[in-house]
Each structure stands twice: as C-alpha cells, then as structure tokens.
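Observations on the three-dimensional arrangement
Chain by chain, the residues:
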Amino acid sequence: MNQTPAANRIHIGFFGRRNAGKSSLVNAVTGQELAVVSETKGTTTDPVYKTMELLPMGPVMIIDTPGYDDEGSLGELRVKKTKQVLNKTDVAILVIDAVSGMGSVESELVGLFEKKQIPYLLVYNKCDLITNRQREEEKKTEGEASQRELRSHVMHVSALHKTNIYELKERIAALHQDDSVGRRLAGDLVQPNDFVVLVTPIDSAAPKGRLILPQQQVIRDLLEAGAASIVIRETELTKTLDRLGTKPALVITDSQAFKRVAAETSADIPLTSFSILMARYKGILETAVRGAAMIGQLQDGDTVLISEGCTHHRQCEDIGTVKLPRWLGEFTGKKLHTEFTSGTEFPEDFERYRLIIHCGGCMITEREMRYRMQCAVDANVPMTNYGTAIAYMNGILKRSLGLFPDLQEFIETERKST
C-alpha cells in the first residue's frame, strides 16, 4: 500500500520509427539503462514499462514502444501492441530522427494522437548530427510547417549527449493536465470520525495475504477523510453491526457478497460496492447504470463479452469466467454465449456482442477505461461493470446508488424485487 498504483500514474508513451532513438531517449529521461539499445532495427519487440518519479509531475509510468514501422507478421503484432499502448497514454512523445525528419509514419502517429486527444510532443532526436546547412533548411521548413505541427510542441534533443533532456522533462510535465485532483473514491461520502464497514470476502478466489487494490485504495481514501474503517468478512457482518453501538455512515461490500450484505444491512444504512465506487472514480458509472438495463433484455443466443483489465490465475470460483456467466443464466433464464478478454486485450469488432460487462478497472488507467467505454458507445453496444450488473441482478441497484442522487433517473428499469 506504499506505492502509487500503476493505474493512478501518469502514463508517458514514447513512439516512433525503429532506430529513431526511442530507447536511448527513454534511458536518458529515466537516468537508467531501462531499454536495450542497439543499431539493429526492431530491438524493442514489446512495450517496456518503468515506474518512476518524474518531477515536477510526480509518479509516472514510462513506456518504450516497438517501432511503428515494423514489418512482417511479427511486426504487425508489435504495431498492434503499440496501438494498445496509445489507449492508456496520457502524454505521447513522438521521437523523430532529426536527420531523416518527419515522414508518413510520423504523420500517421500524430493523426492517432489527435484522434484520441492525447497531448503530444514532437522530439527531434540526434540533433548533434545536424549540420549547419541542415539547420538552415530546417528553419525554412519550420516556417512552412503545417498547421498540425504548429499546434504541437517541438523540441530538439540528443539522447547520446543528454542535450536538452532536463528541458524535455519540463515540457512533458507542462503538457499534462490532471483533472483528477480532488476526486475521491469514498472520502467525499463521509464525515470525520464516521464509521464505515468494509465487507471483504476471503474465499478461494481471494488473493493470498493481501487485499485487492480497490479495497486498499478505499481504506486509504477513508483514512484521509478521517473516517474509521472496520474491515470484516461477510460472515461477521450481522454481529459487527449489532456490536457497533452506532449506525455506520456507510457499508461498502465486494460485489460478490452484495445479495447477502443487502439482506443483513438495514435499509436506513447507505450501501454500495467497491466496484461501483471505482466506476464513479473512473468516470463510467452513468454508462454502467444505463448498460445494466440490457441484462433484462438478453435473449437466447446472445453473446456477452466479460472483460477484465488485469490478468490473474483463474480459480474454480472466478467471478469473471464462472460466477457472472452462471448468474446471468439464472437471472435471464436464457442460453447465452460468453466470451472473455483480460489485460490489454480488448476487441476492435463489437458486432457480435449484445452486452459488455467490464471489471472495475482498478488496474488500468482512466484514459483506457474511458476509451473502452467509448468504443462500446460508438458501436452502440451497452456496457456495464461487475458491481452495477450484480446489483441489478439482485434487485438492489437503486439502493446501491442511493448516495448518488443524480443517477436515480437512470435506474427506472431496475429489476423489481420479488
């Protein structure tokens, strides 16, 4: 709990052709031999990730990507991985060989940055190799540059001689606009000295010796708010509520225990889940609430995509591949098809899906979570998340959103309790 989670770090991606000097520049910026450097084209075959503190930005994730001009069948896969990195990138650094200059590859990348609204910096590397004559020609070219390049930030550096590296870090920091300042997971829902009960089941699917990331983050946020967290299993909930001697300000549960926790928590105690709080934090809760209504409209033969942002060892009672498909079948009474993705994998073609159910997204950045949501919206495929879907299927969606009055208008299709 003493490190900034990767999903909460600013992601800085380095892009460009093979041998433009991306890896050398990454090493210069990080001050470490993070990436392998070679004269051979295509040395970087997979994205390389490095967490670090980059002042004045703070905690960041540096990403060195394969060359975007890679060729052959393996090259296509590497380019695909590079495109996936774009979905989580907060600031893009386009590394250009100063001798060769801008070309079609660079122009295509700039187009992708602008399409995805990623702030970017054009960095001409190997400036130590530029002759005076080339510099004069470059100045003339800059005067005739396209409006696209004029709108961007341009720098000249030498990774080899560490020229302008400090200035590059300053320019990167200036590009990032952090709109998450002041945003809270749960701290804004309570007052100092409030009691908050956190229900965290410990079953066969729970990680050994630790809490999952959303639980850790909520506890940390409640500490900052001055509230007292009481962490229990679902089996101790009733006795804990009886022995508290005062009504807790809030009960937050793992979604898998939603049904039991709702039954054992009186209606006058606010109740929600870690997954719903994470959806709110990532900015997709409204979409998730709208998408949950599709569960009640699923028909025989429909395909549901269940997607997770992380990869982990699947247990016998895994929520994504076992429990959710079972609950969907029991709730709808339909014979449904389910497909699964995890980690960085997320489909580009959504035509065959009737619904997408995503995890809370604690392990991926807000930008990537919003990208996935927008892909679904653009394809007109409803998307929800684990906690919202489970609350809907248990008839407690309205109650689990009681803390968020602005969302009440979106839950008219909530399943009526029997």
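Numbering of residues starts from 1 in each chain and follows the order in which that chain's sequence is written. Where local features are concerned, this predicted model is filtered to residues with pLDDT of at least 70; where side-chain atom pairs are given and counted, the filter is 80 or more; whole-chain, interface and lining totals use all residues. Water and hydrogen atoms were dropped before computing side-chain values, which therefore reflect all heavy atoms in the structure.

The next point concerns unusual backbone geometry. Even without being a glycine, Lys126 presents a positive backbone phi close to 65°. Runs of E in the DSSP output that reach at least two residues are strands. Runs of H or I that reach at least four are helices, and both are numbered from the N terminus. Mapped onto the elements of the fold, Lys126 is located in the loop between strand S5 (120–125) and helix H4 (132–143). Of note in this structure, Lys162 is not a glycine but carries a positive phi near 60°. One can find Lys162 in the loop between strand S6 (153–156) and helix H6 (165–175).

Walk down a regular strand and you will see the side chains alternate between the two sheet faces. Each residue is assigned to one of three classes by its accessible area relative to the maximum for its type, calculated with a 1.4 Å probe on protein chains only: buried under 20%, partly exposed between the two thresholds, exposed over 50%. By the criterion of burial, strand S7 (residues 195–199) is predominantly enclosed, with four of the five residues buried. A strand pair is defined by DSSP finding two or more bridges across the two strands. With five bridges connecting them, S7 and strand S8 (residues 228–232) associate as parallel partners. Its bridge partner lying in S8, Phe195 is registered against Ala228. Both S7 and strand S9 (residues 250–253) contribute to a ladder of four bridges, which runs parallel.

Each aromatic ring pair is described using two quantities: the centre-to-centre distance and the angle formed by the ring planes. A pair of Phe, Tyr and Trp rings is counted when the ring centres sit within 6.5 Å of each other, with Trp represented by its six-membered ring. The angle between the planes then sorts it: under 30 degrees is stacked, over 60 is edge-to-face, the rest tilted. On inspection of all chains with the given rule, the structure shows five aromatic pairs. Taking 5.5 Å as the distance between ring centres and 40° as the angle between the ring planes, the aromatic pair formed by Phe113 and Tyr120 counts as tilted. Comparing Phe113 with Tyr120, the two get one shared label, buried. Ring geometry for Phe331 versus Tyr392: centroids 5.7 Å apart, planes at 65°, classification edge-to-face. Of the two residues, Phe331 sits in helix H12 (residues 319–332) while Tyr392 sits in helix H14 (residues 386–393), which places them 61 residues apart along the sequence.

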